[in-house]
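# Inside the fold
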Amino acid sequence: MKRFFLITTLFCCVSIAEAQKISISLHNELNLQTLLITPVSGRYLIVTEDGNFSLSPNQIIYVSRAGDSVMVRDMASHYGTWKRVSIVGQTDKDVIRINSITPSAPARIYDDNLGFYVDFNRLMAINIVDVDKYISGVVDAESGPNADIEFYKAQALLARTYALGHMDKHTDEGFNLCDQVHCQVYKGKSVRNPDILKATQATTDEVIVDANGDLITGAFHANCGGQTANSDDVWITSYPYLVSVVDPYCKNKPSSSWEVRIPIEKWREFLIEKGVAAETMSPDSFVFASKKRATHYEVGGAKIPTSDIRTYFNLRSSFFSADIVSNSVRIKGKGYGHGVGLCQDGAMQMAKKGISYPEIIKHYFKGVSVTHHTKVNGYDDDANIIDFDQ
Ligand SMILES: [Zn+2]
Ligand SMILES: [Zn+2]
């Protein structure tokens, strides 16, 4: 059973609007020790087991690890040290800045509430945030700022579908998702284009399901080069909806074509490493034309997955042709990324042409539909609750 977790009993004694919230571990890759926290807008309370403290607008407080506890102070006074501390917004427009001092990291701003505790010898900083605000932050981190709103809607559905399918990914650690690539990259509040939040809220609760009503794996990439890839050509798993489609929408973009040259000797070494017999190789045999996305590069009777070549030579994509130019193998490639699922450049162009987000999604994912999250297979009304008690 997978569904949104409801953070229903959060922060006793503090009145907050009951809304679906999700808990995200911030700077999950860092060994956080000391943070500088500043309310940006709205109204905040510091909530502890000994009572609450008001925060003034723009007041600066320090939240640090002190052994296995959390210490809160400002320039003038020491508030105290507790096992758990929350900073809870009192309006629905609460925004707060986190600036990690130790270790040093760029300041970021977040919607809604924060919770702190010590685990793994570090300060854990959890953003307890409205689901749609979180989704808009993910879309902001994953897309450019200048797209049309239907593109952002499509991207919001991918982010929500992922979040919904992975709400239990970190429950053992006390939160739902982390803010890294491991889950979905989240760098805080969406600020680059107001259409991103609008798109997320306009599609609230909508997710993408396959023909069986299960949440899909909503893969996406920057540019497919004119044809997307089958998932099983890139990964091991095959999905009926992650199949190669011709994409006429992503041409003439900066990442739609590229070229690199690899010394013939290096190319030969790679092929020998892959088990191709040296005597079957000649520069002529390296020539490879692929008008369509090829799953394998053929040389000397051997077949090597193009995705292996991409990984080994760190190519932008696995969609390429090869010829020989002055002692080098010239690789002329198309697209950027693994090529599976939605092509962002193509989806942006579709949105620009006025195509709606369900059509954009159905162009890249075969046999899927857009539905309300309560219609997903296995939906259960019993919410899994992550409490953030003091
Ligand atoms: Zn994660
Ligand atoms: Zn494309």
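This structure is a prediction, so every number in the text was calculated from the model and none was measured.

Criteria and cut-off values
- Residues numbered from 1 in each chain as written.
- Chains lettered and ligands numbered in written order.
- Predicted model: local features only at pLDDT ≥ 70, side-chain atom pairs only at ≥ 80, totals over all residues.
- Heavy atoms only, no water.
- Donors = N, O, S within 2.8 Å, 3.2 Å for Na, K, Ca; no water.
- Tetrahedral: all angles 85-135°; square planar, octahedral: opposite > 155°, others 65-115°.
- Domains from an automatic or database assignment.
- Helix = DSSP H or I, 4+ residues; strand = E, 2+ residues; numbered from the N terminus.
- Contact = heavy atoms within 4.5 Å.
- Polar contact = N/O pair within 3.5 Å; in protein donor to acceptor, adjacent residues only side chain to side chain.
- Core = buried A, V, L, I, M, F, W, Y, C linked by side-chain atoms within 4.5 Å.
- Buried < 20%, exposed > 50% of the residue type's maximum accessible area, 1.4 Å probe, protein only.
- Pairing = 2+ DSSP bridges.
- Axes fitted to C-alpha atoms, helices over the stretch in contact; angles between N-to-C directions.
- Salt bridge = Lys/Arg side-chain N within 4 Å of Asp/Glu carboxyl O.
- Phe/Tyr/Trp six-rings, centres within 6.5 Å; stacked < 30°, edge-to-face > 60°.
- Lys NZ or Arg CZ within 6 Å of the ring centre and 35° of its normal.
- Expected span 1.5 Å × (residues − 1).

Before going further, it helps to spend a moment on the coordination of the zinc ion (ligand 1). Looking at the metal site, the zinc ion (ligand 1) is ligated by His170 (NE2), Cys178 (SG), His182 (ND1) and Cys183 (SG), spaced 2.0 to 2.3 Å from it. Of note is the zinc ion (ligand 1), whose four donor atoms meet at the metal with angles of 100 to 119° in an arrangement that counts as tetrahedral. Considered as a linear motif, the donors of the zinc ion (ligand 1) on their single chain read H-x7-C-x3-H-C.

In this section: the domain arrangement of the chain. Annotation of the chain at the domain level lists domain 1 (21–131) and domain 2 (257–334). Summarising the inter-unit geometry, the C-alpha centres of domain 1 and domain 2 are found 51 Å apart.

Following the sequence through the fold, Gln155 ends up in helix 2 (residues 149–165). Spatially, the C-alpha atoms of Gln155 and Tyr357 are 8.8 Å apart, while their sequence positions differ by 202 residues. Leaving out residues up to four positions away in the same chain, Gln155 has contacts with Val139, Glu142, Ser143, Phe220, Leu342 and Gln344. In terms of polar contacts, Gln155 uses its side chain to reach the side chain of Gln344, at 3.1 Å.

The next thing to look at is the nonpolar core. Ile37, Ile61, Ile87, Phe116, Tyr134, Tyr364 and Phe365 are the most contacted members of the largest nonpolar core, which totals 74 residues. Setting aside anything within four residues of it in sequence, one finds Ile37 in contact with Gln59, Ile60, Ile61, Val63, Ile87, Ile96, Arg97, Ile98, Leu114 and Phe116. Residues Phe270, Tyr297, Ile304 and Leu315 belong to the second largest nonpolar core, which totals 22 residues.

As a further point, take the sheet that holds strand 6 (residues 69–73). Strand order in this open sheet of six strands is 7-6-5-2-9-10, and the pairing throughout is antiparallel. Both edges of this open sheet fall to strand 7 (78–82) and strand 10 (108–111), since each of them pairs with a single strand only. On average, adjacent strands in this sheet sit at an angle of 25° to one another, irrespective of strand direction. Where strand 5 (residues 61–66) meets strand 6, five bridges bridge the pair, whose relative direction is antiparallel. Residue pairing in the sheet places Ala66 in a bridge with Ser69 of strand 6.

The next point concerns the pattern of salt bridges. Scanning the model with the defined rule gives twelve salt bridges in all. Between Asp132 and Arg160 there is a salt bridge; the shortest N-O distance is 3.0 Å. Of this pair, Asp132 sits in helix 1 (residues 131–142) while Arg160 sits in helix 2; the two residues are 28 residues apart in sequence, bridging distant segments of the chain. For the pair Asp132 and Arg160, a shared accessibility class is recorded, and that class is buried. One salt bridge connects Asp195 with Lys198, and the closest N-O pair in it is separated by 3.7 Å. On the criterion of helical spacing, the pair formed by Asp195 and Lys198 is a turn pair, its members being three residues apart in helix 3 (residues 194–202).

Glancing now at the packing of aromatic side chains. Working definition: an aromatic ring pair is given by the centre-to-centre distance plus the angle between the planes. Applying the stated rule across the entire model yields 14 aromatic pairs. Measuring from centroid to centroid gives 5.5 Å for Tyr239 and Tyr241, while their planes differ by 35°, and the two rings are tilted. According to the relative accessible area criterion, Tyr241 is buried, its value standing at 3%. Between the aromatic rings of Tyr312 and Phe313, the centroid separation amounts to 4.8 Å while the plane-to-plane angle is 70°, which identifies the pairing as edge-to-face. Taken together, the ring pairs connect Trp267, Phe270, Phe288, Tyr297, Tyr312, Phe313 and Phe320 into an aromatic cluster. Looking at Arg73, its charged tip hangs above the ring of Tyr62, at a distance of 4.6 Å from the centre. Stacked on the ring of Tyr117, the Lys or Arg Arg84 has its end atom at 4.5 Å from the ring centre.

A separate point is the side chain of Lys133. Position of Lys133 among the secondary structure elements: in helix 1. Those residues within four positions of Lys133 in sequence are excluded, and the remaining contacts are Asp92, Asp111, Asp112 and Leu197.

This part takes up helix 1. With twelve residues, helix 1 should cover 16 Å at 1.5 Å per step; its first-to-last C-alpha distance of 17 Å lies within 8% of that length. Burial analysis of helix 1 places eleven of its twelve residues in the buried class, the great majority of the element. Those residues of helix 1 lying buried are Val131, Asp132, Lys133, Tyr134, Ile135, Ser136, Gly137, Val138, Val139, Asp140 and Glu142. If you check the start of helix 1, you find a side-chain oxygen 3.1 Å away from the backbone N of Asp132, and it comes from Asp130.

The next subject is helix 7 (residues 344–352). Looking at helix 7, one finds that the buried residues are Gln344, Asp345, Gly346, Ala347, Met350 and Ala351. Along its buried surface, helix 7 packs onto helix 1, helix 2, strand 15 (220–221), strand 21 (342–343) and helix 8 (357–364). Trailing helix 7 by a residue or two, Gly354 shows a phi angle of about 90°, which is positive.

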